Amino acid sequence: MSLMIVGSMAFDALETPFGKVDCIIGGSATYAAWAASNFTQPIKQVSIVGGDFPQEEMDALTARGVDMEGVEVVKDGKSFFWSGRYHMDMNTRDTLVTELNVLGQFNPQLPDSFQDCEFLMLGNLAPAVQISVINQLKNRPKLIIMDTMNFWMEIALDELKQAIGMVDLLMVNDSEARQLSGEYSLVKAAAKIQAMGPKFLIIKKGEHGALLFHGKQVFFAPALPLEEVFDPTGAGDTFAGGFIGHVASTKDISYENMKAGIIVGSALASFCVEKFGPNRLKELTMQEIETRINEFVDLVDFDINIK
Ligand code: AMP
């Protein structure tokens, strides 16, 4: 029984107010696997890369307990390439280049050994690919979570709605929730999105934290006020990886446990932004994670007496 992560593995070029890198490892599944592997192993990775993707990056994930049998390597193809530039507030970014390369032909065929998947994370990908993965599973996982982005709302809304109708939990940022629902109020947006199918909804608000909705219940996790935010790329995927890693390791899909999951996800995301690419995640210790989770607890801990 295990966690399966489906998503991109990529090369990124990034520009932030604090620096620039022309080529660094990225991709939604890369960030998610580094984050989740702190809590649960093995992880079954499903992705596609070109022959240009460094073997040592694959080996590093294998050493972390990530089973790479589901990662297709197209020897004469090029890996997905994405380039983005952040503005001074770091909450907004411009996509400069998206070269799908091998990701454009991604049609994952799940290995038999991946059929035991108990928890499934569908990272940001074409909705048709997300649907195909769910349809290939003979037994429905305990929990299916899905990430997406505005790009798919613009070019594949019908398929996206079909995919959303098949999952238990959807993760989007606040502007995507508004775009998807046509509602400005996030409470109204959450009700409309839950009516599309998912029983749980997480709305990410960047440096302003994240909200978890379930029916009429709502929980808020802050983001830690950080002294240094170097590169926010991958923070959303890292959040998702930390969340599902926690839920998979505890095997508890209750709303109460998901509250803990979004604190774990927020803690992991707070590390991700400290260095370019997934570099900070690679060197992280469990001790550091525990200390940071305690900082989150302290951040919202107070006594009140209003008599
Ligand atoms: P995040 O900052 O969490 O939104 O994730 C950024 C990562 O997503 C980068 O490493 C990119 O390589 C990857 N990415 C960006 N656009 C796409 C896309 N259209 N499909 C799949 N992955 C993408």
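Residues numbered from 1 in each chain as written. Predicted model: local features only at pLDDT ≥ 70, side-chain atom pairs only at ≥ 80, totals over all residues. Heavy atoms only, no water.

> I would appreciate a short explanation of the overall build of the protein in the present structure.
Check the secondary structure of the protein and you find eleven helices and 13 strands. What you see for the protein is a C-alpha radius of gyration of 18 Å, in line with the 19 Å of a compact globule of 307 residues. Seen through its principal axes, the protein has C-alpha atoms that stretch 70 × 40 × 35 Å. For the protein, buried positions account for 55% of its 307 residues. For the protein, restricting intrachain contacts to residue pairs at least 6 apart in sequence, the fraction spanning at least 24 positions comes to 65%. Summing over all exposed atoms, the protein offers an accessible surface of approximately 13600 Å²; the carbon and sulfur share of this is 52%. Distance between charge centres in the protein, computed from 25 positive and 40 negative side chains, equals 6 Å. (Helix = DSSP H or I, 4+ residues; strand = E, 2+ residues; numbered from the N terminus. Rg over C-alpha atoms; globule rule 2.2 N^0.38 Å. Buried < 20%, exposed > 50% of the residue type's maximum accessible area, 1.4 Å probe, protein only. Contact = heavy atoms within 4.5 Å. Areas by Shrake-Rupley, 256 points an atom, 1.4 Å probe, with all protein chains shown as cover. Lys, Arg positive; Asp, Glu negative; His and termini not counted. Charge placed at Lys NZ, Arg CZ, Asp CG, Glu CD.)

> Which parts of the structure should I look at to understand a nonpolar patch on the surface?
Judged by side-chain polarity, Phe302, Ile304 and Ile306 come together as a nonpolar surface patch covering roughly 430 Å² of accessible area. Relative accessible area serves as the criterion here: at 65%, Ile304 is assigned to the exposed category. (Patch = residues over 30% accessible without salt bridge, like charges linked within 9 Å, V, L, I, M, F, W, Y side chains within 5 Å. Salt bridge = Lys/Arg side-chain N within 4 Å of Asp/Glu carboxyl O.)

> So what exactly am I meant to see when it comes to a negative patch on the surface here?
On the surface, Glu295, Asp298, Asp301 and Asp303 cluster together into a patch of negative charge. Tracing the backbone through its elements, the reader meets Asp303 in the segment after helix 11 (286–299).

> Looking at this structure, I do not really get the pairing of strand 8 (residues 117–122). What am I missing?
Side-chain positions along a regular strand alternate between the two faces of the sheet. Counting buried positions along strand 8 gives six out of six residues, so the element sits mostly inside the fold. Bridging between strand 1 (residues 2–6) and strand 8 involves five bridges; their strand directions are parallel. Bridge pairing in strand 8 places Met4 opposite Leu120. A crossover connection joins strand 8 to the parallel strand 9 (residues 143–147) through helix 3 (residues 127–136); in handedness this β-α-β unit is right-handed. (Pairing = 2+ DSSP bridges. Right-handed = clockwise from strand over helix to strand, strands pointing away.)

> Help me understand the site of the ligand, please; the structure alone is not making it clear to me.
Residues in contact with the ligand amount to 17 residues; listed here are only the nearest, Ser8, Asp12, Gly27, Gly234 and Asp237. The backbone of Gly27 places a nitrogen or oxygen atom 2.7 Å from an oxygen atom of the ligand. Within the backbone of Gly234, one N or O atom sits 2.7 Å away from an oxygen atom of the ligand. Burial of the ligand by the surrounding chains reaches 90%, relative to a free accessible area of 510 Å². For the shell around the ligand, the secondary-structure elements that each account for two or more residues are strand 2 (10–16), strand 6 (80–86) and helix 8 (235–250). Ranked by residues supplied to the shell around the ligand, first place goes to helix 8 with three residues. Among the residues making up the shell around the ligand, the classes are represented as seven nonpolar, seven polar and three charged. (Near = heavy atom within 4 Å. Polar contact = N/O pair within 3.5 Å; in protein donor to acceptor, adjacent residues only side chain to side chain. Nonpolar A, V, L, I, M, F, W, Y, C, P; charged D, E, K, R; others polar.)

> Is there a simple way to think about the packing of helix 1 (residues 28–36) against helix 8 in this case?
The geometry of a pair of packed helices is captured by two quantities: the angle between their axes and the separation between those axes. Running from N to C, helix 1 and helix 8 cross one another at 40°; their axes reach a closest spacing of 7 Å. Taken together, the axes of helix 1 and helix 8 lie oblique to each other. The element helix 1 and its partner helix 8 pack so that their crossing is right-handed. Only Asp237, Thr238, Gly241, Gly242 and Gly245 of helix 8 make contact with helix 1, whose side of the interface consists of Ser28, Tyr31, Ala32, Ala35 and Ala36. Of the residues in the contact of helix 1 with helix 8, the class split is four nonpolar, five polar and one charged. (Axes fitted to C-alpha atoms, helices over the stretch in contact; angles between N-to-C directions. Parallel < 35°, antiparallel > 145°, perpendicular 65-115°, else oblique. Left-handed = near helix turned anticlockwise from the far one by under 90°.)

> What should I look at first to understand the nonpolar core in this one?
Buried together is how nonpolar side chains tend to be arranged in soluble globular proteins. Counting residues in each nonpolar core, the largest one holds 57 residues, and the members touching the most others are Ile5, Met9, Ile202 and Phe243. The element contributing the most residues to this core is helix 9 (residues 255–272), with ten residues. Leaving out residues up to four positions away in the same chain, Phe243 has contacts with Ile145, Leu169, Met171, Ile202, Met258, Gly261, Ile262 and Gly265. Listed in part, the 47 residues of the second largest apolar core include Phe106, Ile144, Met146 and Trp152. (Core = buried A, V, L, I, M, F, W, Y, C linked by side-chain atoms within 4.5 Å.)

> Is there a simple way to explain the sheet that holds strand 11 (residues 200–204) in this structure?
Two orientations exist for strands paired in a sheet by backbone hydrogen bonds: parallel and antiparallel. Taken in spatial order, the nine strands line up as 5-4-1-8-9-10-11-12-13 in an open sheet, and their pairing is mixed. Two strands close off the open sheet at either side, each with one partner strand: strand 5 (66–74) and strand 13 (217–221). The sheet shows a mean angle of 20° between the axes of neighbouring strands, direction not considered. In the sheet, strand 1 pairs with strand 4 (residues 43–50) via four bridges, with the strands oriented parallel. Looking at strand 4, one finds that Leu3 is bridged to Ile43. Across the sheet, helix 1 touches strand 1, strand 4, strand 5 and strand 8, and the angle it forms with strand 1 is around 155°.

> Would you take a moment to explain the environment of Ala195 for this structure?
By the element assignment, Ala195 lies in helix 7 (residues 186–195). Here the alpha-carbon distance between Ala195 and Gly165, two residues 30 residues apart in the chain, equals 8.9 Å.

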